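These are the residues of each chain, in order.
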Amino acid sequence: MAEITRDAAAESLVEGGVTGEVATPRENNLSHIHRFLAQERNFDFGVPLIQDWDYDSVFDVMVARCGIRPERDYTEGVDTISTELCLDGLDRLRAAVSEVAGRGGRILFATGHPSGLLPVHEATAAWAEQLGADIVCLNQFIPLQSEGGDVRQIGAVWHWHIHGGLPHTHLAEPMHALLDALEEAGQPMPDLVVADHGWAGAAASRGLRTVGYADCNDPALFVAEAQGQVEVCVPLDDNIPPYNYAGLIRWLTR
């Protein structure tokens with residue numbers, strides 16, 4: 001298969017609804033800024049506020065790092081994610097994965113959105129392993145006492161499992177449980193975490209090198225990037241038909 005060009009990747013992102021005008025409504029995006037600032041458990045992603053933030057400053061971060069519409073008086077309707085910021089973020093994420101994998105480093109992959117982002121993580125893990133990465137594995141189910149269910153790895157990617165399914169979750173607890181289990185097993189911490197949602201926020205809050213993805217209604221990880229905790233936060237719609245990430249995957253793993 002011929003290598004994808006940046007223009008072709010950009011076209012694929014917009015056509016697939018990954019970037020451009022996206023399905024997440026503006027009112028949802030704005031309300032989540034307030035809920036993050038209130039440090040609500042499902043919206044903080046395990047990211048502490050280590051700088052002084054208010055609504056306007058977080059809004060500005062979302063404009064600059066995600067590409068939501070900049071008009072403050074635009075409060076309802078269709079919002080946007082920047083295609084160029086997404087591609088730039090993918091390039092930075094790619095460089096981090098390539099650098100760690102190339103020296104045989106340990107990389108941990110995890111997702112709180114298996115119905116959307118799982119193919120992205122799976123493809124990236126396979127590519128990283130080809131480059132020489134040591135994918136973090138632990139051959140056990142890790143009970144998640146606070147929420148029920150367990151943390152488990154399917155393929156190369158870690159998930160929260162409960163009642164026979166893999167739910168969407170914003171929570172930081174699954175990553176904390178996994179990292180605690182790695183320590184108890186005597187395994188070294190990962191050199192890089194590639195994740196989203198609370199998986200990424202929790203890893204970054206524990207001082208691990210972290211890169212990942214966030215939607216325009218997920219300000220926590222963009223703030224974590226601005227605070228210097230998350231190295232790369234790639235903006236994208238995280239809940240579209242998984243096949244629509246095909247162009248993104250080709251660009252990332254080229």
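A brief structural summary. Keep in mind that what you see is a predicted model, and the values were worked out from it rather than measured.

**Quick look at the nonpolar core**
Line of reasoning, step 1. Counting 48 residues, the largest nonpolar core has Leu108, Trp158, Met175, Leu178 and Trp199 as its most contacted members.
Line of reasoning, step 2. Taken together, the elements giving at least two residues each to this core come down to helix H2 (26-37), helix H3 (55-65), strand E3 (106-110), strand E7 (157-161), helix H6 (173-184), strand E8 (192-196), helix H7 (197-205) and helix H8 (219-226).
Line of reasoning, step 3. With 6 residues, the single largest contributor to this core is H6.
Line of reasoning, step 4. Excluding anything up to four places from it in sequence, Leu108 contacts Val136, Trp158, Met175, Leu178, Leu179, Leu182, Pro190, Leu192, Val193 and Val194.
Line of reasoning, step 5. With 38 residues, the next largest nonpolar core counts Cys86, Val120, Ala125 and Ile135 among its residues.

**Section: the packing of helix H4 (residues 83-102) against helix H5 (residues 118-131)**
Line of reasoning, step 1. Two elements in contact, H4 and H5, have axes whose closest approach is 8 Å; the angle formed by their N-to-C orientations is 40°. Classed by the angle they form, the pair H4 and H5 counts as oblique. Remark: the crossing between H4 and H5 carries right-handed chirality. Here Arg94, Val97, Ser98, Ala101 and Gly102 of H4 come into contact with H5, specifically with Thr124, Trp127, Ala128 and Leu131.

**Things to note about the packing of H2 against H8**
Line of reasoning, step 1. Remark: H2 packs on H8, axes separated minimally by 9 Å, with the N-to-C direction vectors making an angle of 60°. Here H2 is positioned oblique relative to H8, judged by the angle of their axes. Contacts from His32, Ile33 and Phe36 of H2 reach H8 at Pro219, Ala220 and Val223.
Line of reasoning, step 2. Looking at side-chain class alone, the contact of H2 with H8 contains 5 nonpolar, 1 polar and no charged residues.

**Digging into the pairing of strand E9 (residues 210-214)**
Line of reasoning, step 1. Burial analysis of E9 places 5 of its 5 residues in the buried class, which makes it a mostly covered element.
Line of reasoning, step 2. In E9, alternate side chains face the same way, and those of Thr210, Gly212 and Ala214 on one face and Val211 and Tyr213 on the other are all buried.
Line of reasoning, step 3. Across 4 bridges, E8 lies against E9 in parallel orientation. What sits directly across from Asp196, in E9, is Tyr213.
Line of reasoning, step 4. Traced from E8 through H7 to E9, the parallel crossover comes out right-handed.
Line of reasoning, step 5. Here E9 runs beside strand E10 (residues 232-235); their pairing, made up of 4 bridges, is parallel.

**Overview of the environment of Ser115**
Line of reasoning, step 1. In this fold, Ser115 is placed in the loop between E3 and H5.
Line of reasoning, step 2. In sequence terms Ser115 and Ile240 are 125 residues apart; their C-alpha atoms lie 8.5 Å from each other.
Line of reasoning, step 3. Not counting the four nearest positions on each side in its chain, Ser115 is found in contact with Asn239, Ile240 and Pro242.

Reading the values: rules and limits
Residues numbered from 1 in each chain as written. Predicted model: local features only at pLDDT ≥ 70, side-chain atom pairs only at ≥ 80, totals over all residues. Heavy atoms only, no water. Core = buried A, V, L, I, M, F, W, Y, C linked by side-chain atoms within 4.5 Å. Buried < 20%, exposed > 50% of the residue type's maximum accessible area, 1.4 Å probe, protein only. Helix = DSSP H or I, 4+ residues; strand = E, 2+ residues; numbered from the N terminus. Contact = heavy atoms within 4.5 Å. Axes fitted to C-alpha atoms, helices over the stretch in contact; angles between N-to-C directions. Parallel < 35°, antiparallel > 145°, perpendicular 65-115°, else oblique. Left-handed = near helix turned anticlockwise from the far one by under 90°. Nonpolar A, V, L, I, M, F, W, Y, C, P; charged D, E, K, R; others polar. Pairing = 2+ DSSP bridges. Right-handed = clockwise from strand over helix to strand, strands pointing away.

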